[in-house]
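Per-entry structural report
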Amino acid sequence: MPAIEILGLEKTYHVGFWRKRPKCALKPLRLQVEEGEVFGFLGPNGAGKTTTLKLLMGLVFPTSGSARILGHAWDDPAIKAQIGFLPEQPYFYDYLTAHELLTYYGRLSGMGSEEIAQHLDATLELVGLRDVKGLQLRKFSKGMLQRCGIAQAILHHPKVIFLDEPMSGLDPVGRREVRDLIVRLKQQGKTIFFSTHILADAEALCDRVAVVHQGELRGVATVAELTAKVQGKIEIVWQGTSVPASIRVLSGEYHITGDTARATIAENQQDPAIDALRREHLRLISITPVRASLEDYFVERLQRAETSAGGKA
Amino acid sequence: MSARIIAIASNTFREAVRDRVLYNLIAFALLLSGAAVLVGEISIDIEKLVVINLGLTAVSLFGIVIAIFIGIQLVSKEIEKRTLYTVLSRPVRRWEFIVGKFFGLTGTLVVNTFFMAIGVFAALLYVEHKLVGPDAMILTALYFIILQFMLICSLALLFSSFSSPLLSAVFTFALFVIGSFADDLRNFAALTHGLTRWIAMGLAYLVPNFSAFNIIGAVAHGQPVAVSLVAHNSAYALLYSAAVLAGAVLVFEHRNLK
């Protein structure tokens, strides 16, 4: 059974003074996330990531479509006891201490006092906040608040965890900590659905990713599958300090270090580049494929989307 | 009552208690009760009347300010700060959130009224050197003041569920002022004819009748309060608040939290 099934969820807002102008925030979205999977939901700002999460959390109502979480209707309040949610740039009641905050959320999740007491310290320990559990949240740093947000999302041992931009606004150390936490949650068998526009995080953590842009799903696959679709590049290295004219034309970037030169060119330009070196009697040292990153894929998809939109216009 | 409603109510109470503005208001109300003593000292033979009048008016006035000030922010602040997102992503129904908020704020006002009432009784004791049986009527006036707070809390919550804090404050305060003259509105309706009469009468019955809860003058003059009035006001406040809360729930149930 899939952990999350999104069955054509769609959201159109009506904007303007008379609320007559429709603005599509999310086109019908179909998506399936398996149990135990870390699923990345990628897209630039305003792509529809937060709208999707708000729809799944029942914070906004869909124009059409539905979803199922762990086999139950997404708007069934009972299923929410199995869900953890961290909103983007979370803000919590800053007059509460971390201990009080988690107790409050525990009660809202239907946990009894004993159960809360049992899990509270362990959860704070997991997110590295046990030593500051008596401190009011107004004295917390942004990273501490983010970790506190994750703590409230996992306190009740949910099976599915939704995280909206969990690394946003964090310093490198904070990002690393949150990444490690996600890895630990995956090891515990949780299903994690997180949205991000930081591609390196998605690349490091996700089993599969979906790319969404302008409210529309552009692709779903593993990171490896997606990056394989991108036109690859190769790095070609040769002995000598001269760069053949044809390689200068083919390559956007070339460097000369000591008595070796290197240039990065498109994979399909490999043969003409080797021919050029041969003609100039330059000795080839190596040809190495340059791994396409998720960013390459992402940029390519967005460019393609913009081109097709321009073509239609 | 569900554990979730109690949790939301307790959190609302805790927020209000930890809000420093609240303490300023309470301190100011107690100061006004103290001032009643001074005014009472210079009001020969009517010290008691002045102390009760001023003291209870201070309790009522500051309670209303607190009810409006906190009530209008109950929902909008949670949306603006996005704390509502983590609450509603739990097994919490939207109506439970509204009801929890209502009980939390009403509870806060009951506790505030308790402390401010201590100030009023202390001022009375200072002026009269003793409390007598009829002074217990002050408790009835305080009870009616709390019923007024219930009505204001529900109205503030209703407006807070769909409009900005500023507009909510304006709407709630306007209804409070109109409701304080509900009896006059009814008298006016009785003097008119035809459609005007129907509209005036409809309005008079639609707005909350705050004038029925104001017995401060009667209590200050030592007049007894009829049991039927207590029963009528209790039932009215309960039913009116419930109806307004139902309206707030209806609006909030369909609201997109953008």
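Residues numbered from 1 in each chain as written. Chains lettered and ligands numbered in written order. Predicted model: local features only at pLDDT ≥ 70, side-chain atom pairs only at ≥ 80, totals over all residues.

**A short note on the overall build of chain B**
A count of helices and strands for chain B gives 12 helices and zero strands. In chain B, the succession of helices and strands from N to C terminus is α-α-α-α-α-α-α-α-α-α-α-α. For a compact globule of 258 residues, the expected C-alpha radius of gyration is about 18 Å, and chain B comes in at 20 Å, within 12% of that figure. When the backbone C-alpha atoms are referred to their principal axes, chain B occupies close to 60 × 55 × 30 Å. (Helix = DSSP H or I, 4+ residues; strand = E, 2+ residues; numbered from the N terminus. Rg over C-alpha atoms; globule rule 2.2 N^0.38 Å.)

**Some thoughts on the overall build of chain A**
Across its full length, chain A carries 10 helices and 14 strands. By its C-alpha atoms, chain A is 80 × 50 × 40 Å across when sized along the principal axes. Expressed as a percentage of its 313 residues, the buried residues of chain A come to 39%. By sequence separation, contacts in chain A at least 24 residues apart represent 70% of the contacts at least 6 residues apart. (Buried ≥ 20, exposed ≤ 12 C-beta atoms within 10 Å, placed from the backbone. Contact = placed C-beta atoms within 7 Å.)

**Things to note about the sheet that holds strand β12 (residues 253–257) of chain A**
Residue and element names in this part refer to chain A. Taken together, four strands build an open sheet; the order of strands is β12-β13-β11-β14 and the sheet is antiparallel. Of all strands in the sheet, those bounded by a partner on one side alone are β12 and β14 (283–290). Averaged over all pairs of adjacent strands, the angle between their axes in this sheet comes to 20°, without regard to strand direction. (Pairing = 2+ DSSP bridges. Axes fitted to C-alpha atoms, helices over the stretch in contact; angles between N-to-C directions.)

**Section: the interface of chain A and chain B**
When the parts of a complex come together, some accessible area is lost, and that lost area is often taken as the interface size. The interface is formed by 25 residues belonging to chain A together with 21 residues belonging to chain B. Residues that form the side of chain A that touches chain B fall into these classes: 18 nonpolar, four polar and three charged. (Nonpolar A, V, L, I, M, F, W, Y, C, P; charged D, E, K, R; others polar.)

**Here we look at the domain arrangement of chain A**
The domain boundaries assigned to chain A delineate domain 1 (4–222) and domain 2 (233–290). With centres defined by C-alpha atoms, the gap from domain 1 of chain A to domain 2 of chain A works out at 47 Å. (Domains from an automatic or database assignment.)

**As for the environment of Met167(A)**
Residue and element names in this part refer to chain A. In this fold, Met167 is placed in the loop between β7 (160–164) and α5 (172–187). Here the alpha-carbon distance between Met167 and Val33, two residues 134 residues apart in the chain, equals 21 Å. Apart from the residues lying within four places of it in its own chain, the contact partners of Met167 are Arg175, Val178, Thr196, Ile198 and Asp201.

**Overview of helix α1 (residues 3–17) of chain B**
At 3.6 residues per turn, the α-helix brings residues three or four places apart onto the same side. For α1(B), with 15 residues, the first-to-last C-alpha span of 21 Å sits near the 21 Å given by 1.5 Å per residue. Looking only at α1(B), the buried set comprises Arg4(B), Ile5(B), Ala7(B), Ile8(B), Ala9(B), Asn11(B), Thr12(B), Glu15(B) and Ala16(B). (Expected span 1.5 Å × (residues − 1).)

**A short note on the environment of Asp259(A)**
All names here are of chain A. In this fold, Asp259 is placed in the loop between β12 and β13 (260–266). Look at Asp259 and you get exposed, because 8 C-beta atoms sit within 10 Å. Along the sequence, Asp259 and Thr241 sit 18 residues apart, while their C-alpha atoms lie 5.6 Å from each other. The contacts of Asp259, once residues within four sequence positions are left out, are Gln239, Gly240 and Thr241.

**Looking at the pairing of strand β2 (residues 21–33) of chain A**
Residue and element names in this part refer to chain A. Relative to β2, strand β1 (residues 4–15) is paired through 10 bridges, and the arrangement is antiparallel. Residue Val15 lies in a different strand from β2, and its bridge partner there is Arg21. If you look at the hairpin formed by β1 and β2, you'll find five residues sitting between the two strands, and Gly16 has a positive phi there, around 95°.

**Focus: the nonpolar core**
One finds Phe162(A), Val59(B), Ala67(B), Ile152(B) and Leu157(B) to be the most contacted residues of the largest nonpolar core, which totals 145 residues. A total of 17 residues in this core trace back to one element, the largest contributor, which is helix α7 (residues 137–160) of chain B. Judged by nonpolar contacts, the second largest core, of 10 residues, contains Ile247(A), Ala263(A), Ala273(A) and Ala276(A). (Core = buried A, V, L, I, M, F, W, Y, C linked by C-beta atoms within 7 Å.)

**Points about unusual backbone geometry**
The residue His157(A) is not glycine, and still its phi comes out positive at about 55°. Considering the arrangement of structural elements, one finds His157(A) in the loop between α4 (142–154) and β7. One non-glycine residue, Arg82(B), lies in the positive phi region at around 65°. Residue classification places Arg82(B) among the partly exposed positions, given that 16 C-beta atoms sit within 10 Å.

**Quick notes on the confidence of the model for chain B**
All names here are of chain B. Chain-level statistics for chain B give a pLDDT mean of 89 and a share of 99% at 70 or above. Mean pLDDT across the secondary structure elements of chain B bottoms out at helix α2 (residues 20–41), with 73, and peaks at helix α12 (residues 227–253), with 96. Here the prediction assigns the complex a pTM of 0.84, and the interface score ipTM is 0.87. (pLDDT = per-residue confidence, 0-100.)

**A short note on the packing of helix α2 (residues 98–108) of chain A against α1(B)**
α1(B) packs onto α2(A) with a crossing angle of 150° between their chain directions and a minimal axis gap of 8 Å. Classified by the angle their axes make, α2(A) and α1(B) are roughly antiparallel. With respect to the hand of their crossing, α2(A) and α1(B) are arranged in left-handed fashion. Contact residues: Tyr104(A), Arg107(A) and Leu108(A) in α2(A); Ala3(B), Arg4(B), Ala7(B) and Asn11(B) in α1(B). A breakdown of the residues in the contact of α2(A) with α1(B) according to their chemical character gives four nonpolar, one polar and two charged. (Parallel < 35°, antiparallel > 145°, perpendicular 65-115°, else oblique. Left-handed = near helix turned anticlockwise from the far one by under 90°.)

**Notes on α12(B)**
Residue and element names in this part refer to chain B. End to end, α12 covers 38 Å across 27 residues, agreeing with the expected 39 Å (1.5 Å per residue, within 8%). Where α12 is concerned, the buried positions are Asn233, Ala237, Ser241, Val244, Leu245, Ala248 and Val249. Considering only its buried residues, α12 is in contact with α6 (94–128) and α7.

**Brief notes about the sheet that holds β2(A)**
Strand order in the open sheet made by the four strands is β2-β1-β4-β5 (chain A), with antiparallel pairing throughout. Either end of the sheet is taken by a strand with one partner, and the two such strands are β2 and β5 (72–73) of chain A.

**Some remarks on the pairing of β7(A)**
Residue and element names in this part refer to chain A. Judged by how many residues are buried, β7 sits mostly within the fold: five of five residues are covered. Residues Val160, Phe162 and Asp164 point to one face of β7 and Ile161 and Leu163 to the other, with burial holding for every one of them. Note that strand β6 (residues 83–86) and β7 share four bridges and pair parallel. Of the residues in β7, the one forming a bridge with Gly84 is Ile161. Across five bridges, the pairing between β7 and strand β8 (residues 191–196) is parallel. Residue Phe162 lies in a different strand from β8, and its bridge partner there is Phe193.

**Some remarks on the environment of Pro90(A)**
Inspection of the secondary structure puts Pro90(A) in the loop between β6 and α2. Spatially, the C-alpha atoms of Pro90(A) and Ile150(A) are 9.7 Å apart, while their sequence positions differ by 60 residues. Apart from residues lying up to four places away in sequence, Pro90(A) is in contact with Leu145(A), Gly149(A), Arg82(B) and Thr86(B).

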